[in-house]
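Here are the chains, one letter per residue:
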Amino acid sequence: EADIYQTPRYLVIGTGKKITLECSQTMGHDKMYWYQQDPGMELHLIHYSYGVNSTEKGDLSSESTVSRIRTEHFPLTLESARPSHTSQYLCASSIGLGGEAFFGQGTRLTVV
Amino acid sequence: QKEVEQDPGPLSVPEGAIVSLNCTYSNSAFQYFMWYRQYSRKGPELLMYTYSSGNKEDGRFTAQVDKSSKYISLFIRDSQPSDSATYLCVLSEYGNKLVFGAGTILRVKS
């Protein structure tokens, strides 16, 4: 079983609020990823990191930002949430180059 | 053209059937091949991981990779209603990001 955790699992928040979605893994993986997935739709990569102090934007443009100060921690922040940010956010990590990725259970975000 | 093509289904089968799920790809540099299962409102769960052509078996699941044809498959034997989920093929090159298929919705009817 993968040791990658996301909190909160569900979040309902008002427009304009700042939010941080937490992702932590205890496997020592160097690579971490954030994906966005709408119900019944494909996963879209929005951010990734290859190690501490390394962050890159993914294939889908996102207003969110990420940081990687510690290997095990890869939080995602939205400075001002909007209804268009409503989605499921999935965090993943992998080891080495080409290694299999392990996913967290996701955070389902609803902005009202 | 997408790098990875996967029929979205849905694929509906009776309990006990053998299920065949497939993906084709265009990038010959892909070296790592994975299958994930995703239940509704959950994160994807890794089922199979391989980096070579041939077959890999794990219980009721068999992953097959044919690099010459750029074709990968996942077979599920004795399918169960609990196998009902979306199945994602995921490929990657050495050192690069994961590339996801669109996912195939599988429904196993009891």
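Cut-offs and rules
Residues numbered from 1 in each chain as written. Chains lettered and ligands numbered in written order. Predicted model: local features only at pLDDT ≥ 70, side-chain atom pairs only at ≥ 80, totals over all residues. Heavy atoms only, no water. Helix = DSSP H or I, 4+ residues; strand = E, 2+ residues; numbered from the N terminus. Rg over C-alpha atoms; globule rule 2.2 N^0.38 Å. Buried < 20%, exposed > 50% of the residue type's maximum accessible area, 1.4 Å probe, protein only. Areas by Shrake-Rupley, 256 points an atom, 1.4 Å probe, with all protein chains shown as cover. Lys, Arg positive; Asp, Glu negative; His and termini not counted. Charge placed at Lys NZ, Arg CZ, Asp CG, Glu CD. Salt bridge = Lys/Arg side-chain N within 4 Å of Asp/Glu carboxyl O. Pairing = 2+ DSSP bridges. Contact = heavy atoms within 4.5 Å. Phe/Tyr/Trp six-rings, centres within 6.5 Å; stacked < 30°, edge-to-face > 60°. Lys NZ or Arg CZ within 6 Å of the ring centre and 35° of its normal.

Visitor: Describe the overall build of chain B, with residues and values.
Guide: Secondary structure assignment for chain B yields zero helices and eleven strands. Mapped in sequence order, the helices and strands of chain B form the string β-β-β-β-β-β-β-β-β-β-β. The globule rule puts the C-alpha radius of gyration for 110 residues at 13 Å, and the 13 Å found for chain B is close to it. Dimensions of chain B along its principal axes, counting C-alpha atoms only, are 40 × 30 × 20 Å. Within the span of chain B, comprising 110 residues, buried residues form 45% of the whole. Of the roughly 5300 Å² that chain B leaves accessible, carbon and sulfur atoms contribute 46%. Across chain B, the 12 positively charged side chains and the 11 negatively charged ones have centroids separated by 5 Å.

Visitor: Break down the pattern of salt bridges for me, with residues and values.
Guide: All names here are of chain A. Taken as a whole and judged by the stated rule, the model has seven salt bridges over all chains. Residue R82 is joined to E63 by a salt bridge in which the shortest nitrogen-to-oxygen separation is 2.7 Å. Of this pair, R82 sits in the loop between β8 (76-78) and β9 (87-94) while E63 sits in the loop between β6 (54-57) and β7 (65-66); the two residues are 19 residues apart in sequence, bridging distant segments of the chain. For E63, a relative accessible area of 46% translates into the label partly exposed. Salt-bridge contacts for R70 lead to E72; the nearest nitrogen and oxygen are separated by 3.1 Å. On the accessibility criterion, R70 (44% relative accessible area) is partly exposed.

Visitor: Hey, could you go over the sheet that holds strand β3 (residues 19-25) of chain A for me, with residue numbers and the actual values?
Guide: Residue and element names in this part refer to chain A. Strand order in the open sheet made by the four strands is β1-β3-β8-β7, with antiparallel pairing throughout. Two strands bound the open sheet, and with one partner strand each, they are β1 (4-7) and β7. For β1 and β3, the ladder comprises four bridges, and the chain directions are antiparallel. Across the sheet, Q6 pairs through a bridge with C23, a residue of β3.

Visitor: Please give an account of the environment of G54(B) that cites residues and values.
Guide: Note on placement: G54(B) falls in strand β6 (residues 54-58). If near-sequence neighbours (up to four positions away) are discounted, G54(B) is found in contact with A63(B), Q64(B) and V65(B).

Visitor: Explain the pairing of strand β5 (residues 45-50) of chain B residue by residue, including any values.
Guide: Alignment of strand β4 (residues 32-38) of chain B against β5(B), held across five bridges, turns out to be antiparallel. Directly across from R37(B), in β5(B), lies its bridge partner E45(B).

Visitor: How would you sum up unusual backbone geometry? Please name residues and give values.
Guide: With an omega dihedral of -10°, the bond running from T7(A) to P8(A) counts as a cis peptide bond. Examined against the element boundaries, P8(A) turns out to sit in the loop between β1 and β2 (10-13). The backbone of K70(B) sits at a positive phi, close to 55°, despite the residue not being glycine. Secondary-structure assignment places K70(B) in the loop between β7 (61-66) and β8 (71-76). Residue classification places K70(B) among the partly exposed positions, given a relative accessible area of 24%.

Visitor: Hey, could you go over the packing of aromatic side chains for me, with residue numbers and the actual values?
Guide: All names here are of chain A. All chains considered together, the criterion is met by ten aromatic pairs over all chains. Pairing Y35 with F103 gives two aromatic rings, centres 5.6 Å apart and planes at 45°, and the pair type is tilted. Of the two residues, Y35 sits in strand β4 (residues 31-37) while F103 sits in strand β10 (residues 101-103), which places them 68 residues apart along the sequence. A residue is classified by how much of its surface remains accessible, and Y35, at 1% relative accessible area, is buried. Here the aromatic rings of Y48 and Y50 are separated by 5.2 Å at their centres, their planes lie at 50°, and the arrangement is tilted. For Y48, a relative accessible area of 12% corresponds to the buried category. Its guanidinium or amino end placed over the ring of Y50, K31 lies 4.5 Å from that ring's centre, counting from NZ or CZ. Note that R68 overlies the ring of F74, its terminal NZ or CZ placed 5.9 Å from the centroid.

The values are spatial; any link to function lies outside them.
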